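# A look at the structure
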Amino acid sequence: MTTHQPILDVKNINVFYGASHILFAVSLQIAKGRTLALLGRNGAGKSTTMKAIMGVVPIKSGAISFAGSRIDGQAPHEMARKGLGFVPEDRQVFIDHTVDENLRIAAKRGVDGREEWTIENIYDAFPLLAKMRQRKAGMMSGGEQQLLSMARCLMGNPGLILLDEPSEGLAPIIVQEIGRLIRTLRGTGVTIILAEQNMHFCLGISEDAVIIDKGQIVYRGTIEDLRGNKDVANRYLAI
Ligand SMILES: Nc1ncnc2c1ncn2[C@@H]1O[C@H](COP(=O)(O)OP(=O)(O)OP(=O)(O)O)[C@@H](O)[C@H]1O
Ligand SMILES: [Mg+2]
């Protein structure tokens, strides 16, 4: 038996949308405190993998374990209770509520009672949000909403965070800010899975990388090795 049991262990999951087979025996593991980049082109299956882990879409076969227990087949709110946090690509914020209300609604203790993230810590880590406490989320830019969505996730004090393309379509200044935040998060010992099309964004942010292509995992390694492996990067990623 290995002593390095992964905190998240996805084993051979198959996912269908109706009759369409979307994920083919996808397996991935992540050790506690690591950051894994889940890379792949448009339509490769990144979001579907995250939704399957969160219980948003059902798996047809395979198994998903978190912290040593099976979690597949459970509802998304159960996953949140177990310490999984999800920032979906469509940035779910309450547009008619202020920044402050959005954050307070999301407040929750971590599984082990941890309250690392309080509203004041969030405002320290996200100075842009601190300036907008009373602004309605619907009046914010896409980048600001992305930051709010990440901050809402942290208010639940998750042990594992799934970030679905947090940099997509955003201005370079906000992309930089998001990169800085993810590096800060790593320092807190949280485990992160980062779905991205852009390998360059992940350099210096994640340690490990997997590539998904047409619903299959086609590469596993470190992000540094991938950077040096131009063949694989060119074949499976838009560079
Ligand atoms: N609700 C759905 N019903 C049917 N097919 C879907 C649905 N959602 C996604 N798909 C298909 O499943 C495949 C994987 O999609 P997915 O959204 O997981 O890809 P992705 O890697 O997240 O892409 P992107 O980078 O564009 O977000 C695609 O072929 C997509 O067309
Ligand atoms: Mg997606």
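Residues numbered from 1 in each chain as written. Chains lettered and ligands numbered in written order. Predicted model: local features only at pLDDT ≥ 70, side-chain atom pairs only at ≥ 80, totals over all residues. Heavy atoms only, no water.

## Overview of the site of ligand 1
The full set close to ligand 1 counts 13 residues, and Asn 42, Gly 43, Lys 46, Thr 48 and Glu 165 are the nearest of them. Interatomic distance of 2.9 Å between a backbone N/O atom of Gly 45 and an oxygen atom of ligand 1. Gln 197 is positioned with one of its side-chain polar atoms (N or O) 2.9 Å from an oxygen atom of ligand 1. Protein contacts shield 60% of the accessible area of ligand 1, which totals 640 Å² for the unbound molecule. Examining the composition of the shell around ligand 1, we find that 3 residues originate from one element, helix α1 (residues 46–54), more than from any other. Considering only residue class, the shell around ligand 1 consists of 3 nonpolar, 6 polar and 4 charged. (Near = heavy atom within 4 Å. Polar contact = N/O pair within 3.5 Å; in protein donor to acceptor, adjacent residues only side chain to side chain. Areas by Shrake-Rupley, 256 points an atom, 1.4 Å probe, with all protein chains shown as cover. Helix = DSSP H or I, 4+ residues; strand = E, 2+ residues; numbered from the N terminus. Nonpolar A, V, L, I, M, F, W, Y, C, P; charged D, E, K, R; others polar.)

## Details of the coordination of the magnesium ion (ligand 2)
Distances from the magnesium ion (ligand 2) to its protein donors, namely Ser 47 (OG) and Glu 89 (OE), fall within the range 2.0 to 2.5 Å. On the criterion of sequence distance, the pair formed by Ser 47 in helix α1 and Glu 89 in the loop between β6 (84–87) and α3 (99–105) is long-range, its members being 42 residues apart. According to the relative accessible area criterion, Glu 89 is partly exposed, its value standing at 37%. (Donors = N, O, S within 2.8 Å, 3.2 Å for Na, K, Ca; no water. Buried < 20%, exposed > 50% of the residue type's maximum accessible area, 1.4 Å probe, protein only.)

Treat this as a map of the structure, not an account of what it does.
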